[in-house]
Amino acid sequence: MKPRNNISPPKYYEQFFEWFCRPEYFEELQGDLEERYERNCIELGQKKASGIYKREVLKMFRPSVIKKINTQYRLNNIAMFKNYSLVALRSIARNKLFSAINIIGLSISMMVGLLAISFISELYSYDTFHEKKDRIYRVINTLHEEGEDPAYYASTSPLTGQRLSENYSGYEKVVTIYRGFSADVKRDDQKIPIAGFYASEAFFDVFTFTMLSGDHKRTLTDPYTIVLTRASAEKIFGKTDVVGEIIELNDNIQLTVTGVVENPPRTSHMSFEAIVSFETLKKVQDPKRIMRWSNMWNSHVYVLLPQGTHPEDLQANLEEIATQENSSFGTSSVEMEFQSLNSIFPGKKLYNQLGARMEIKNVNYMIILAVIVLASAAFNYTNLSVARALKRSKEVGIRKVVGARKGQVFLQFILEAIIISTVALVFAYFLFQLIRPEFLSLNRDIQRTTTLELSFIHYIYFFVFSVVIGIISGLLPSAVLSRLKPSTILRGSTQLKVTSGFTLRKLLIGLQFTLSMAFVILVSLAYKQYQFNLNFDLGFETADILNVRVQGNDSELLTNSFSQVPGVSSVSKSSWIPSVGSFWTTRGKYIEGDNSTTVHLLNVDANYLDNLGHQVLAGRSFTEGMTVPQVVVNQKLLKHFEMGEPVDAIGKHIRLEGKDRAIIGVVKDFQHATLDNEIFPFAFLNEPDNYQLINLKIESADNINTMQQIEEKWSELDPSHEFQAFFYKDRIERAYSKLSTSLQTLGLLAIIAVSISILGLLGMAVYTTESRIKELTIRKVLGASVQNLITLLSKNFLLMFVIASGITIPVTIYAFENWIVPNLVHRIDIGFWEIGSGLLAILVLATLTIGSQTLKAVKRNPVEHLRNE
Amino acid sequence: MKGSHLGEFQEVVLLVILSLDDNAYGVTIKQEIAEKVNRSISRGALHTALTRLEEKGFITSEQGESHPDRGGRKKRYYTVTNKGVAALHDAKSIRDQLWNQIPRLKLYPGYDK
């Protein structure tokens, strides 16, 4: 016979079997299985024998073999559950302060949890309505330009789509989408603006949008066809049954309506009012230019892969296309890959998105923050409950003597934690409703993409979430309490080892404080930076400037009309406005020198420099009716081309946008970009056809009245478009909305972190004074002063505070510079008060908390605490 | 507990135990069923049947000797009680009665030829 140890059956299965099998049967059944196994080993080989053995074990999983749960115990459970709930409620009611601390702390942090749950579940519901969603992929580009970091684009050239469908098999459908369809529909002397994109014919085969009327196979096949949505059809025709109707656009193009679809769901990453066939675009624009490899900014290619095909299998096709096309692409090159529809929204950061965007990074931040805040509050509960375990130890002792098992005591305290967290859930829910609008207005991406509306499934998520939080926070106290030995408790021994792990607790409290200090300091830094940015001296005047969008009208007409309004002191025109994050750049070359550089451009009229208060250092501004190409530049440009003093530069020529232009004036450098950029060489051009904005300087006592008059003038000239105007200051504010979002988020987190840690501290202070009350009283009787006692109790805390701030300060400064304002060129100086004020605020709050408790304890008459011994 | 009805599989098990005489334990019963009745069953399924039979009082069992092949674990031998034997007779007589009631022609098509 073989030695036994060589051929014993699979160990884990044996253990598993032993675990679930009734002990009285195990001997026989395991023996039988093992005997069979031995024989199979000899007859069939060990491998087969093991397989058979495993199957046999799994088939043992039946009622007649599985351990029975004691029925008597089960019946008893219902009664015990009642008892546990009752005791839990009584204990919550008896310790009102502690329950309040726990419930408030938990509900504040659970609110963050609820936000995270509803936010994230909403984000991940995006694009789930497409029936073939798991097979849809988008081609995305990575552009490598010489001397620059790779840039990631959601777009790719339409050529990619064409080549994929013509030269390669293995794709069920390929659809090309070309952004930027926007037109006015002429209808009964009215102009109705609609917007959307161009798409090739496979669009409705790939994406699932409900077709109200029209044949979805043919809708986008022919040139000059358009598909409307329910909303745009009703806007234009007042009905949706409009297939076959012809609409005329403002540039005399006629399109036939071939279909009407339901409005795209809110949870679609692409939104549109109308889709025009891609063939139309090839007719109205130069098809050669559109299909160029370098034209990769406006178009998106989506592919539908056949069942069972992986995008990795087809990656080689993309590489082949890229290699072939890159050869005629100069020094730049493009890399392509597939991105699945499910990872578009939320997804990684890409330029030229088709519609809504949400960075996966933000989602991750949200999860991390929620976890930190929740951990902090759960820890408070754990900490307080463990600290107060002493008070409940008699109860545990009696229960155990009467016959409670360890598991039952454990269950009792877990249940208590779950009851607390469920109560907290109710409060958290109300807080959630309060904070919801604030959260939605945090930033424009959130506002545009989410509503945080709750459905039934969310309530289930919430409940499960609160139970999980209850279990997590109750785990440690339950373990401590259920481990207590009745003999030790009931003997009256006061040396209960429940305070072991005290250093761990201190460490965690210290961490809470580090966290809240960090948030408070970050808020004060971010606030100061934000104010700094808004009030930064840009080098020109933005106050009282109202910018009105031209929207395709005659800018001269508008200017004349607006300047008649009383209260408008001066008017100018420009192609865009600087300092709010927009750019228009070109290569500029100095004719006499031979170096060239990137020059930022702005097209303005003769009044602009004066109107915006630019300081002209030498030469003059533009004048009306000039014919020779001229340019006004900034000092930086002079410096770059080494033209010397401003006066010397006048009359020199630089080549910009294909024309040699004479420098007629030099302006003082101004901050033409947002503060995360340096000042670049800058040039003002004067090319009349290209004005998009009218800049009105308003000097009036009655702004509202003036605005109304301007708006009236607008509707006289252009009744079909809505008046669109914004104050320069507001647009600058919007340029820094990312910072203000961080500021708001940090503010909220600071409030949460501080309140949770103060609550925790309050709890610990109450507990410490309560448990040391006799010691304090005796000290007092023996002559200790109130100050002495307060010092005694807060000494530890002060030490903790010092250590915590030692960690906080460097970490916070690092976080501020690297995460909050990573690219800012003009950064505030971080001085003593920016840091100190935050620390001080926390210190004062904490000292008040501890001090008030200590004071309360030591002011009481000593007799009250000493008489009952 | 269910009544003393004898299920079809249980009947097979009883007969197999009887046929194995004093060597009826888990492994042999299972093997016999596999070979003679041509039914491959798991040890777990057999266990269920055996406990049922024991609950109904048709079989008794006693612990036997241990064996190194079994990891030193003891066997459990099963024997059919008188009640079990009576139940088998009952089952057989009910069947015989039914068999006898059936016209021969239906059971053996072509018998008259």
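Note that the structure is a prediction, hence the values are computed from the model and not measured.

S.K.: Mind showing me how you'd approach the overall build of chain A here?
M.R.: If you tally the helices and strands in chain A, you get 29 helices and 22 strands. Going through the 869 residues of chain A one by one, you find that 38% of them count as buried. The long-range share in chain A, meaning contacts at least 24 apart out of those at least 6 apart in sequence, stands at 82%.

S.K.: Please clarify how the nonpolar core should be interpreted in this entry.
M.R.: As a rule of thumb, nonpolar side chains are buried together in soluble globular proteins. All names here are of chain A. Counting residues in hydrophobic clusters, the biggest one holds 88 residues, and the most contacted among them are Phe519 and Leu522. Once you skip the residues sitting within four places of it in the chain, Phe519 turns out to touch Leu746, Leu749, Ala750 and Ala753. One finds Ile194, Phe203, Val257 and Val261 within the second-largest nonpolar core, a separate group that totals 61 residues.

S.K.: Would you mind showing me how to read the environment of Ile790(A) here?
M.R.: Residue and element names in this part refer to chain A. On the secondary structure map, Ile790 appears in helix 27 (residues 786–820). Look at Ile790 and you get partly exposed, because 18 C-beta atoms sit within 10 Å. For the pair Ile790 and Leu776, spaced 14 residues apart in the sequence, the C-alpha separation amounts to 9.9 Å.

S.K.: Would you explain the confidence of the model for chain B in this entry?
M.R.: When pLDDT is low, close inspection of the predicted coordinates is not appropriate. All names here are of chain B. Mean pLDDT over chain B works out to 86, with 94% of the residues at or above the 70 mark. For chain B, per-element mean pLDDT is lowest for helix 5 (residues 104–107), which scores 76, and highest for helix 1 (residues 8–20), which scores 91. Reported confidence for the predicted complex is 0.86 by ipTM and 0.70 by pTM.

S.K.: Any chance you could explain the sheet that holds strand 12 (residues 545–549) of chain A here in plain terms?
M.R.: Strand pairing in a sheet is mediated by backbone hydrogen bonds. Such pairs are either parallel or antiparallel. Residues and elements named next belong to chain A. Ordered in space as 13-21-12-22, the four strands form an open sheet in which the pairing is antiparallel. The open sheet has two free edges, formed respectively by strand 13 (568–574) and strand 22 (725–727), since each of these has just one partner strand. The mean angle between the axes of side-by-side strands here comes to 25°, regardless of whether they run parallel or antiparallel. Where strand 12 meets strand 22, three bridges bridge the pair, whose relative direction is antiparallel. Note that in strand 22 the partner of Val548 across the bridge is Ala725.

S.K.: Explain the interface of chain B and chain A to me, please; I cannot follow it from the model alone.
M.R.: Quite often, the size of an interface is put as the accessible area lost when its parts meet. At the interface, 17 residues of chain B touch 19 residues of chain A. Every element with two or more residues in the side of chain B that touches chain A is listed here: helix 2 (26–37), helix 3 (43–56) and strand 2 (74–80) of chain B. Sort the elements by how many residues they give to the side of chain B that touches chain A and helix 3 of chain B lands first, with six residues. When its residues are assigned to classes, the side of chain B that touches chain A shows three nonpolar, seven polar and seven charged.

S.K.: Could you clarify how one ought to interpret the packing of helix 19 (residues 555–563) of chain A against helix 23 (residues 703–717) of chain A in this entry?
M.R.: For any two helices packed against each other, the geometry comes down to the angle between their axes and how far apart the axes lie. Residue and element names in this part refer to chain A. Here helix 19 crosses helix 23 at 145°, and the two axes come no closer than 9 Å. The two elements helix 19 and helix 23 meet at a crossing, and its hand is right-handed. Mapping the contact onto sequence places Leu557, Leu558, Ser561 and Phe562 in helix 19 and Ile710, Lys713 and Leu717 in helix 23. Of the residues that constitute the contact of helix 19 with helix 23, the class distribution is five nonpolar, one polar and one charged.

Cut-off values and rules
- Residues numbered from 1 in each chain as written.
- Chains lettered and ligands numbered in written order.
- Predicted model: local features only at pLDDT ≥ 70, side-chain atom pairs only at ≥ 80, totals over all residues.
- Helix = DSSP H or I, 4+ residues; strand = E, 2+ residues; numbered from the N terminus.
- Buried ≥ 20, exposed ≤ 12 C-beta atoms within 10 Å, placed from the backbone.
- Contact = placed C-beta atoms within 7 Å.
- Core = buried A, V, L, I, M, F, W, Y, C linked by C-beta atoms within 7 Å.
- pLDDT = per-residue confidence, 0-100.
- Pairing = 2+ DSSP bridges.
- Axes fitted to C-alpha atoms, helices over the stretch in contact; angles between N-to-C directions.
- Nonpolar A, V, L, I, M, F, W, Y, C, P; charged D, E, K, R; others polar.
- Left-handed = near helix turned anticlockwise from the far one by under 90°.

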